[in-house]
Structures are given as structure tokens and as C-alpha cells.
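Summary of structural features
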Amino acid sequence: MQEFALSLLFQLLPTALLLLGSLVLPILYTRVIRRVLDGLHGHLTEWLYILFDSYVQPTALIIRATLFYIALVVVPFSFANATYQTILRLLFDLALTFLLGLGAWRSAPMCRLLLRSAQNKLDLTTNNTMGRFFENIFRALVAVFTGIAMLDRLGVPVAGLLTGAGVAGLAISLAAQSTLSNLIAGITLVLEHPFGIGDYVILGSSEGTVEDISFRSTRIRTTDNVAVTIENSKVCSEYIQNCNQRSSRLWQFTLGLTYDTTREQLNKICHDLAQMLKEQPTVRTDTVTVTVDKFNDYSIDVLVRLYVTTLPYGEFLEEKSRLNLKIMQLVADAGCSFAFPTTTLDMPAQK
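Just so you know, these numbers come straight off a predicted model, no measurement behind them.

**Describing the sheet that holds strand β7 (residues 289-295)**
The 3 strands are arranged β6-β8-β7 in an open sheet whose pairing can be described as antiparallel. Each end of this open sheet is capped by a strand with a single partner; those strands are β6 (249-257) and β7. With strand direction ignored, the average angle separating the axes of adjacent strands in the sheet is 25°. Here β6 pairs with strand β8 (residues 300-308) via 9 bridges, running antiparallel.

In C-alpha cells, the structure reads:
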């Protein structure tokens, strides 16, 4: 009896050692790998560090599952037959597939690195909606593909399920076509970043400062402090003018002078006005043009065209006001007057 017990203990020794290793080795592996990654953090690219860090825990669990699987394979019991081996291998394959998918799930923060290129246009530090959105999409895809792989290993007809899911997805997409188009348009705005939060934009007939970009719509604040929400699909279909991406603003206007203005006065006003504008620090000197444009019904029109480097809309209005006052004074100094519509009545003399 004692010899049988010793023989059984000797046969169970490999299984016991493997079970002990499945408890201890993953812990040691995790500590060692964590220290190695901490030491290499400054030398690895960020996406590579996230990927390695995401798989530390899953690989430790894979080591544990592998040792546990081998321990159960070598167990010297009579029930360890072919059916037992098949079921055990199936469970191990399912666990391995799940743990590999878990590592990919944990690496979802890499999606934010893809948005890093758009960060100069989108304020992702204060508006994390898009970052979380792409992470959720990535995790959903990982969960779907992992589930498909596990079902396929279980012998489930995955092709039929995918066909049914495709039909259901088509029906859902047709029912929610507007929502999906807005969603796709929102993703396009993030990837192409034609404008960002805080930019002053013109979207068709609406213009203002961008306040938020969500999955469905874009919200802008107009100059009269009204919040306008525009669906992303309509934003993408319009001509988008981003005023913040220009280096200067065009300012073009017409001065209407009375018809009693002489040629010498017109030459003086055009010369002095061009000279005054070129001396302004906010005006691009090479863009200033002052010309006699046309003879209107009640005025001689002087066309003034220039570019101002003042970009914020409020500051641009202040600069226009300052220059308009200078122009008004310059016209007065030249002895000229601004024209306005007048009517002359010719009354016939009474006989």
C-alpha cells in the first residue's frame, strides 16, 4: 500500500509542479516585464509601449493557462481519454483566443495616437468625445472578431451568422440612414480637420465660432451670440471657409465723393489715402490700391482695396473703425465732401 502511494505521488509530481508553476511563474513574469518596460519607456515609441503594456497581463494569463493545460494533460488518471483530451484542447484554444483578444482590447488607447495629428485643429484635451468614440469602435471590432473566432472553434456555422448579420445590418442602416451619414461625416471632419474648436468658419449661410464637434452635428456661435447646430452631413456638403487659416483679411470699400470735387483734389485724395494706409502697421503695404472707379448717379466713386493682418473679428472691426475715422479726416482736410442721394426740383417760373 505504501509503495502504491509513493508510486501515485511520483506520477502526480509533474502535475503538481506544473500547477505550482502556473501560480508562481505568471507573477514573476509580470514583475520582470513591468520593470523592463519601465526601463525602456523612454526609448520605445508611444504606440509600441502601449501595445507591449497591453499584453503584459494577457500573456501572463496565457502562461498560466498553458501550464495548467499541460498539467491536466499529463494527469495519470484513467478518465484522461481521447474525449477528455479533446475537450481540454477545446477549452485551451478558447482561453487562448480570448486572452489574445483581451490584449487587443486593452491596446485601444493607440486609437488616440491616430488622432494626435488632428490635435492642432481639434481640442482633444478638453473634448475627449472623439477619442473615446474611436476607442469604443476599436474595442467593438475586437470583441466581434474574437467572438467569431471562438464560435468558429466551437463549430458554429459562422458564415451563416455573418450572412444573417449582414442582412440585419443592411436593414438597420436603411432605417437609420440619416444618423449613419451624420456619423460618417463627423468621422470625416475629425480625420480631415478642415476646422477646429475655436475657429471662425463660414458654412454656407451660417458663420461663427466653432464651439463643439460631436458625432451628429457641429455647433457654432454666430456674431450675434446665437448657437447654431448644423448636421455634419450638411457641413460636409457645404463650402467650408476657415477664416482662421488665412494670413490676412480683405477690406474693400467705396468712397463716394461729390461731383464738385476737382481732378486735383481726386489725385490728392487717392495719393494721400494710399500713403496713409501703407503707413499702418496692420496693413500689408503691397496690397493697397486706391483708384477712381466709376461715375455713379450722384457720386464719383473711389475704390479702396487692401489686406489687413488683424485676424480676430472683433479686433478687425476695431481696426476698421480707427481707419475709417482717419479716412474721414483725410477727406475733410482735402476740402471734399462725401456724396449722398439728392434730388433737385426745377420749378418753372410763374407767368
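**Some thoughts on the pattern of salt bridges**
In the structure shown here, the tally under the stated rule is 7 salt bridges. The closest approach of N and O atoms between Glu211 and Arg221, which form a salt bridge, is 2.8 Å. Here Glu211 is found in strand β2 (residues 206-213), whereas its partner Arg221 is found in strand β3 (residues 217-221), with 10 residues between them in sequence. The class of Arg221 is partly exposed, set by a relative accessible area of 27%. Across the pair Arg322 and Glu319 runs a salt bridge, and its minimum N-O distance is 2.5 Å.

**Some points on a nonpolar patch on the surface**
Together, Leu20, Leu23, Val24, Leu25 and Leu28 line one region of the surface with nonpolar side chains, adding up to about 450 Å² of accessible area. A relative accessible area of 49% places Leu20 in the partly exposed class.

**What about helix α11 (residues 313-333)?**
Counted at 1.5 Å a residue, the expected span for α11 with its 21 residues is 30 Å, and the 30 Å between its end C-alpha atoms agrees. Within α11, burial applies to Phe316, Glu319, Leu323, Ile327, Leu330 and Val331. All buried residues of α11 project into a common sector of 110° when viewed along the axis, lining one side. In α11, the exposed positions that point more than 90 degrees away from the buried face belong to Glu318, Leu325 and Met328.

**Digging into the nonpolar core**
Ranked by internal contacts, the top residues of the largest apolar core, which has 26 residues, are Leu273, Leu277, Val290, Val302, Val304 and Leu306. Mapped by element, the contributors of at least two residues to this core are β6, α10 (263-278), β8 and α11. In this view, Leu277 contacts Val283, Val288, Val304, Leu306 and Leu323; residues no more than four positions away in its chain are not counted. Formed by 9 residues, the second largest nonpolar core is a distinct cluster that contains Val201, Val210, Ile213 and Ile230.

Criteria and cut-off values
- Residues numbered from 1 in each chain as written.
- Predicted model: local features only at pLDDT ≥ 70, side-chain atom pairs only at ≥ 80, totals over all residues.
- Heavy atoms only, no water.
- Pairing = 2+ DSSP bridges.
- Helix = DSSP H or I, 4+ residues; strand = E, 2+ residues; numbered from the N terminus.
- Axes fitted to C-alpha atoms, helices over the stretch in contact; angles between N-to-C directions.
- Salt bridge = Lys/Arg side-chain N within 4 Å of Asp/Glu carboxyl O.
- Buried < 20%, exposed > 50% of the residue type's maximum accessible area, 1.4 Å probe, protein only.
- Patch = residues over 30% accessible without salt bridge, like charges linked within 9 Å, V, L, I, M, F, W, Y side chains within 5 Å.
- Areas by Shrake-Rupley, 256 points an atom, 1.4 Å probe, with all protein chains shown as cover.
- Expected span 1.5 Å × (residues − 1).
- Arc of directions from axis to C-beta.
- Core = buried A, V, L, I, M, F, W, Y, C linked by side-chain atoms within 4.5 Å.
- Contact = heavy atoms within 4.5 Å.

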